[in-house]
Amino acid sequence: MKKREVFDQVSDMEKRIGELYEQLGDLKDHLGKMLEENNRLAMENHHLRNRLDGGEKQDENTDNDHSHAESEIPGEGYDNLARLYEEGFHICNVHFGSPRQDEDCLFCLLFLNKNK
Ligand SMILES: [Zn+2]
């Protein structure tokens, strides 16, 4: 092999390594975003499950047992709670997670105003 060929091959390899390194960077960015998204979905899933469990409990148990409702409010921001309320679910301690059936709930509204 001539010196010139060796040199060309080395610089060609260097170029390919540079490109691979760039791709690796992109993949790392992508992976970071995927992990973030995964984390967000896991949290959302967790909260939805809590909400579902709360709803089932409410169905089985129609008396107004307020004691367990308080602990089920997820530690999320105001926005998520406001969205839950907009979607038609109670976010107040009294009926948390149960459907509102299109009526405004005084307890929910008080809770929303308190946490703004
Ligand atoms: Zn309510």
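Calculation rules
Residues numbered from 1 in each chain as written. Predicted model: local features only at pLDDT ≥ 70, side-chain atom pairs only at ≥ 80, totals over all residues. Heavy atoms only, no water. Donors = N, O, S within 2.8 Å, 3.2 Å for Na, K, Ca; no water. Tetrahedral: all angles 85-135°; square planar, octahedral: opposite > 155°, others 65-115°. Buried < 20%, exposed > 50% of the residue type's maximum accessible area, 1.4 Å probe, protein only. Phe/Tyr/Trp six-rings, centres within 6.5 Å; stacked < 30°, edge-to-face > 60°. Lys NZ or Arg CZ within 6 Å of the ring centre and 35° of its normal. Helix = DSSP H or I, 4+ residues; strand = E, 2+ residues; numbered from the N terminus. Contact = heavy atoms within 4.5 Å. Core = buried A, V, L, I, M, F, W, Y, C linked by side-chain atoms within 4.5 Å. pLDDT = per-residue confidence, 0-100. Salt bridge = Lys/Arg side-chain N within 4 Å of Asp/Glu carboxyl O.

**Examining the coordination of the zinc ion**
Looking at the zinc ion, one finds its protein donor set to be His 90 (ND1), Cys 92 (SG), Cys 105 (SG) and Cys 108 (SG), positioned 2.0 to 2.4 Å from the metal centre. The site at the zinc ion holds 4 donor atoms, and with the angles between them running 100 to 123°, its shape is tetrahedral. Each donor residue of the zinc ion lies on the same chain, and together they follow the pattern H-x1-C-x12-C-x2-C. Summarising the burial analysis for this pair, His 90 and Cys 92 share the class buried.

**Some words on the packing of aromatic side chains**
For the coordinates displayed, the defined rule picks out 0 aromatic pairs. Across the ring face of Phe 89, the terminal group of Arg 51 is positioned such that the distance to the ring centre comes to 4.1 Å. Directly above the aromatic system of Tyr 85 lies the positively charged group of Arg 100, at a separation of 3.8 Å from the ring centroid.

**Re the environment of Leu 84**
Examined against the element boundaries, Leu 84 turns out to sit in helix H2 (residues 78-86). Residues Leu 84 and Pro 99 lie 15 residues apart in sequence; the distance between their C-alpha atoms is 9.9 Å. Those residues in contact with Leu 84, other than ones at most four positions away along the chain, are Arg 51, Phe 89, Ile 91 and Phe 96.

**Quick look at the nonpolar core**
One finds Leu 81, Ala 82, Leu 84, Tyr 85, Ile 91, Cys 92, Val 94, Phe 96, Cys 105, Cys 108, Phe 111 and Leu 112 forming the largest nonpolar core, which totals 12 residues. Contributions of two or more residues to this core are made by H2 and helix H3 (106-115). Here this core gets 4 residues from one element, more than from any other, and that element is H2.

**Here's the deal with the confidence of the model for the chain**
Averaged over every residue, the pLDDT of the chain is 80; residues scoring 70 or more account for 80%. Across the chain, the secondary-structure element scoring lowest on mean pLDDT is H2, at 84, and the one scoring highest is helix H1 (residues 3-60), at 86.

**Comments concerning the pattern of salt bridges**
Where charged atoms from two side chains of opposite charge approach closely, those side chains can pair. Taken as a whole and judged by the stated rule, the model has 6 salt bridges. Between Arg 4 and Asp 8 there is a salt bridge, with the nearest N and O atoms lying 3.3 Å from each other. Here Arg 4 pairs with Asp 8, and both are found in helix H1, just 4 residues apart, close to one helical turn. Taking the relative accessible area as the measure of exposure, Asp 8 reaches 35% and is therefore partly exposed. In this structure, the salt-bridge partner of Arg 100 is Asp 104, at a minimum N-O distance of 3.7 Å. For Arg 100, a relative accessible area of 10% corresponds to the buried category.

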